[in-house]
Amino acid sequence: MEQSQTVSYIVRASEHAGNDLVLWLRYLSKWVNPSGHIFSDREIAQIQGENSISFMKKTVLAEAIKPGTPTNAYVIKLRQPYDNSHILEMIERLKAGEYGQTES
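Everything quoted here is computed from the prediction, not taken from an experiment. (Residues numbered from 1 in each chain as written. Predicted model: local features only at pLDDT ≥ 70, side-chain atom pairs only at ≥ 80, totals over all residues. Heavy atoms only, no water.)

Re the overall build of the chain
Defined as follows: Helix and strand assignments come from DSSP, with helices taken as H or I runs of at least 4 residues and strands as E runs of at least 2, each series counted from the N terminus. Radius of gyration: over C-alpha atoms. The globule rule applied is 2.2 Å multiplied by the number of residues raised to the 0.38 power. Relative accessibility decides the category of a residue: with a 1.4 Å probe and only protein chains considered, values under 20% of the type maximum give buried, values over 50% give exposed, and everything between is partly exposed. A contact between two residues is defined here by any heavy atoms of the two lying within 4.5 Å. A 1.4 Å probe and the Shrake-Rupley method give the accessible areas. Residues count as covered only by the protein chains that appear here.
For the chain, the helix and strand inventory stands at six helices and two strands. Taking 104 residues into account, the globule formula puts the C-alpha radius of gyration at 13 Å, and the chain, at 20 Å, lies well above it. Counting only C-alpha atoms and orienting by the principal axes, one finds that the chain spans roughly 75 × 30 × 20 Å. Per-residue burial for the chain yields a buried fraction of 32% across its 104 residues. At a minimum sequence separation of 6, the contacts of the chain that also span at least 24 residues come to 59%. Carbon and sulfur atoms provide 54% of the accessible area of the chain, an area that totals close to 7,400 Å².

Examining the pattern of salt bridges
In plain terms, the rule: Salt bridges are defined by distance alone: a side-chain nitrogen of Lys or Arg within 4 Å of a carboxyl oxygen of Asp or Glu.
As enumerated under the stated definition, the model contains three salt bridges in all. Ionic pairing is found between Lys-66 and Glu-63, a salt bridge with its closest N-O pair at 3.1 Å. The partly exposed category is assigned to Lys-66, whose relative accessible area is 42%. Using a relative accessible area of 27% as the deciding quantity, one classes Glu-63 as partly exposed. The partner of Lys-95 in a salt bridge is Glu-92, with the nearest N and O atoms 3.9 Å apart.

Section: helix α2 (residues 21-28)
Helical geometry: 3.6 residues make up each α-helical turn, so side chains three or four residues apart lie on a common side. Where we set the bar: Throughout this description, a polar contact denotes any pair of N or O atoms lying within 3.5 Å of each other; where both atoms belong to protein, one of them has to be capable of donating a hydrogen while the other can accept it, and for residues adjacent in sequence the pair is counted only when both atoms sit in side chains.
Where α2 is concerned, the buried positions are Leu-23, Trp-24, Leu-25, Tyr-27 and Leu-28. For α2, the elements touching its buried residues are α1 (5-17), β1 (32-33), α4 (55-64) and α5 (70-79). Between a side-chain oxygen at the N-terminus of α2 and the backbone nitrogen of Val-22 the separation is 3.1 Å; the capping residue is Asp-20.

A few points about the confidence of the model for the chain
Heads up, the rule is: Confidence of the predictor at the level of single residues is given by pLDDT, which spans 0 to 100.
Residues with a pLDDT of 70 or more make up 93% of the chain, whose mean pLDDT is 88. Averaged over each element, pLDDT in the chain is lowest for strand β2 (residues 36-37) (83) and highest for α4 (95).

Topic: the packing of α2 against α5
We count it as follows: Only the stretch in contact is used when a helix axis is fitted, and all axes are lines through C-alpha atoms; the angle between N-to-C directions ranges over 0 to 180 degrees. The labels follow the angle: roughly parallel below 35 degrees, roughly antiparallel above 145, roughly perpendicular from 65 to 115, and oblique for the rest. Any residue that is not Ala, Val, Leu, Ile, Met, Phe, Trp, Tyr, Cys, Pro, Asp, Glu, Lys or Arg is counted as polar, Gly included; the first ten are nonpolar and the last four charged.
Between α2 and α5, whose axes approach to 8 Å, the crossing angle comes to 70°. Comparing their axes, α5 and α2 come out roughly perpendicular. Only Thr-71, Tyr-74, Val-75 and Leu-78 of α5 make contact with α2, whose side of the interface consists of Val-22, Leu-25, Arg-26 and Leu-28. Its residues assigned to classes, the contact of α2 with α5 shows six nonpolar, one polar and one charged.

Topic: the packing of aromatic side chains
Filter applied, for reference: Here a pair means two rings of Phe, Tyr or Trp (six-membered ring of Trp) with centres within 6.5 Å. Their orientation is stacked below 30 degrees between planes, edge-to-face above 60, and tilted elsewhere. Remark: a charge is flagged as sitting over a ring if the NZ atom of Lys or the CZ atom of Arg is within 6 Å of the ring centre and within 35 degrees of the ring normal.
Tallied over the entire structure, the rule returns three aromatic pairs. Relative to Tyr-27, the ring of Tyr-9 lies with its centre 6.1 Å away and its plane at 75°, an arrangement referred to as edge-to-face. One end of the pair, Tyr-9, is in helix α1; the other, Tyr-27, is in helix α2, and 18 residues separate them in sequence. A relative accessible area of 16% means that Tyr-27 is categorised as buried. Residue placement shows Lys-57 over the ring face of Trp-24; its charged tip is 5.6 Å from the ring centre.

Right, dumping it as structure tokens:
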């Protein structure tokens, strides 16, 4: 059975992630979003049948694409941009000398 580009990507992502499940979740976050996931039933079956992908990664994938699971929520959260405005504000305050000064 010929693999789709999506399945090929997932196989390569699995190989690249190795034993790093956090990296695996980051790869999955590219394919799972708040409105669902892009995998067809056929692709899911191909991925689940792929010998090069570990049982653990297949299980994580199954949970990541299931709406309402903690894994699904985590993967979706990975897609959202991080608000680092408070960190940038602290950096500016440090540059301005507002931190680290003691009164003599």
